[in-house]
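What follows is each chain in one-letter form.
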Amino acid sequence: AAALAALQKGAPKLGVAVRNHGGGHYNHALFWVNLAPASGPSSEPSPDLAAAIDDKFGSLEAMQEEFGKAALGRFGSGWAWLGVKPDGSLGITTTANQDNPLMESLEYPVQKMVPILGLDVWEHAYYLKYQNRRADYVKAFWNVVNWKKVSRNFEVYAKKGEAVPPTTTGGGHATEL
């Protein structure tokens, strides 16, 4: 997992296959473990993450609104991200296709950050349930965010400038929460 995270930085220079498959694997692995059943117990950001959200956006609701605008503004396929910028503050950005904000030398502007939460806005992610209603999908996303996991991503990795190691199986860092 750590090797996959480390690969992201130089993926665009390593060719299309590494960029697309490596980026897609990292993005989806991070995406899936940040979700929890909607029927499960509700969760909220840790006090540390909540303070960072309030400091940057004013409130959780304001952050969700800005994140939603970013997700809806990503034309075509891609991702919306919440992450920690190099200055230590939170930020929101989007990337095209299978790119992510860990990648360097992208040919379009992306806010550099360590992502702690990502939303897949490729049509395949929501079409069966939401058809072309991306706004409904983005709004429903907040019902399944595992804030315990996202808070751990923030506190253990991103605040230190370290990429979150993803896992497709849930592994120890996902199931312990």
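Preceding block: the structure.
The structure reproduced in this document is the subject of the present report. Everything quoted here is computed from the prediction, not taken from an experiment. (Residues numbered from 1 in each chain as written. Predicted model: local features only at pLDDT ≥ 70, side-chain atom pairs only at ≥ 80, totals over all residues. Heavy atoms only, no water.)

## Some points on the overall build of the chain
For the chain, the helix and strand inventory stands at eight helices and three strands. Seen in sequence order, the chain has helices and strands lined up from the N terminus as α-α-α-α-β-β-β-α-α-α-α. In terms of overall dimensions, the chain is globule-like: its C-alpha atoms have a radius of gyration of 15 Å, near the 16 Å expected for 177 residues. With the C-alpha coordinates of the chain rotated into their principal frame, the extents come out at 40 × 40 × 30 Å. Out of the 177 residues in the chain, the part that is buried amounts to 49%. For the chain, the proportion of contacts with a sequence separation of at least 24, taken over those separated by at least 6, is 65%. Split by element, the accessible area of the chain, about 8,700 Å² in all, is 55% carbon and sulfur. Separation between the mean location of the 17 positive side-chain charges and that of the 17 negative ones in the chain comes to 4 Å. (Helix = DSSP H or I, 4+ residues; strand = E, 2+ residues; numbered from the N terminus. Rg over C-alpha atoms; globule rule 2.2 N^0.38 Å. Buried < 20%, exposed > 50% of the residue type's maximum accessible area, 1.4 Å probe, protein only. Contact = heavy atoms within 4.5 Å. Areas by Shrake-Rupley, 256 points an atom, 1.4 Å probe, with all protein chains shown as cover. Lys, Arg positive; Asp, Glu negative; His and termini not counted. Charge placed at Lys NZ, Arg CZ, Asp CG, Glu CD.)

## Observations concerning the pattern of salt bridges
In the structure shown here, the tally under the stated rule is six salt bridges. Lys 9 is the salt-bridge partner of Glu 104, the closest N and O atoms lying 3.9 Å from each other. Of the two residues, Glu 104 sits in the loop between strand E2 (90-96) and strand E3 (114-120) while Lys 9 sits in the loop between helix H1 (2-7) and helix H2 (16-33), which places them 95 residues apart along the sequence. Residue Glu 104 is classed as partly exposed on the basis of its relative accessible area of 31%. (Salt bridge = Lys/Arg side-chain N within 4 Å of Asp/Glu carboxyl O.)

## Looking at the pairing of E3
Counting buried residues along E3, seven of its seven residues qualify, which places the element largely inside the surrounding structure. Of the pairings in the sheet, the one linking strand E1 (residues 78-84) to E3 comprises six bridges and is antiparallel in character. By the bridge assignment, Gly 83 is partnered in E3 with Pro 115. (Pairing = 2+ DSSP bridges.)

## What about H2?
Its 18 residues place the ends of H2 26 Å apart at the C-alpha level, agreeing with the 26 Å of an ideal helix rising 1.5 Å per residue. For H2, the full list of buried residues reads Arg 19, Gly 22, Gly 23, Gly 24, Tyr 26, Asn 27, His 28, Ala 29, Leu 30, Phe 31 and Val 33. (Expected span 1.5 Å × (residues − 1).)

## Digging into the packing of aromatic side chains
Counted by the stated rule, this structure contains seven aromatic pairs. For the ring pair Phe 31 and Trp 32, a centre distance of 4.9 Å and an interplane angle of 65 degrees mean the geometry is edge-to-face. Relative accessible area serves as the criterion here: at 6%, Phe 31 is assigned to the buried category. (Phe/Tyr/Trp six-rings, centres within 6.5 Å; stacked < 30°, edge-to-face > 60°.)

## Some thoughts on the packing of helix H4 (residues 60-73) against helix H6 (residues 134-141)
Two elements in contact, H4 and H6, have axes separated by 10 Å at closest approach and are oriented at 145 degrees. When you trace H4 past H6, the crossing you get is right-handed. Across from Phe 67, Gly 68, Ala 71 and Leu 72 in H4, the residues of H6 making contact are Arg 134, Ala 135, Val 138 and Phe 141. (Axes fitted to C-alpha atoms, helices over the stretch in contact; angles between N-to-C directions. Left-handed = near helix turned anticlockwise from the far one by under 90°.)

## Details of helix H7 (residues 147-157)
Here H7 lies mainly inside the structure; eight of its eleven residues are buried. Listed in full, the buried residues belonging to H7 are Trp 147, Lys 149, Val 150, Ser 151, Arg 152, Asn 153, Phe 154 and Tyr 157.

## A short note on the sheet that holds E1
Taken in spatial order, the three strands make up an open sheet running E2-E1-E3, and their pairing is antiparallel. The open sheet has two free edges, formed respectively by E2 and E3, since each of these has just one partner strand. Here the average twist between neighbouring strands, direction ignored, is 25 degrees. As paired strands, E1 and E2 are joined by seven bridges and run antiparallel to one another. Directly across from Trp 79, in E2, lies its bridge partner Thr 95. Contacting E1 and E3, H2 runs over the sheet at an angle of about 85 degrees to E3. Across the sheet, helix H3 (residues 47-57) touches E1, E2 and E3, and the angle it forms with E2 is around 80 degrees.

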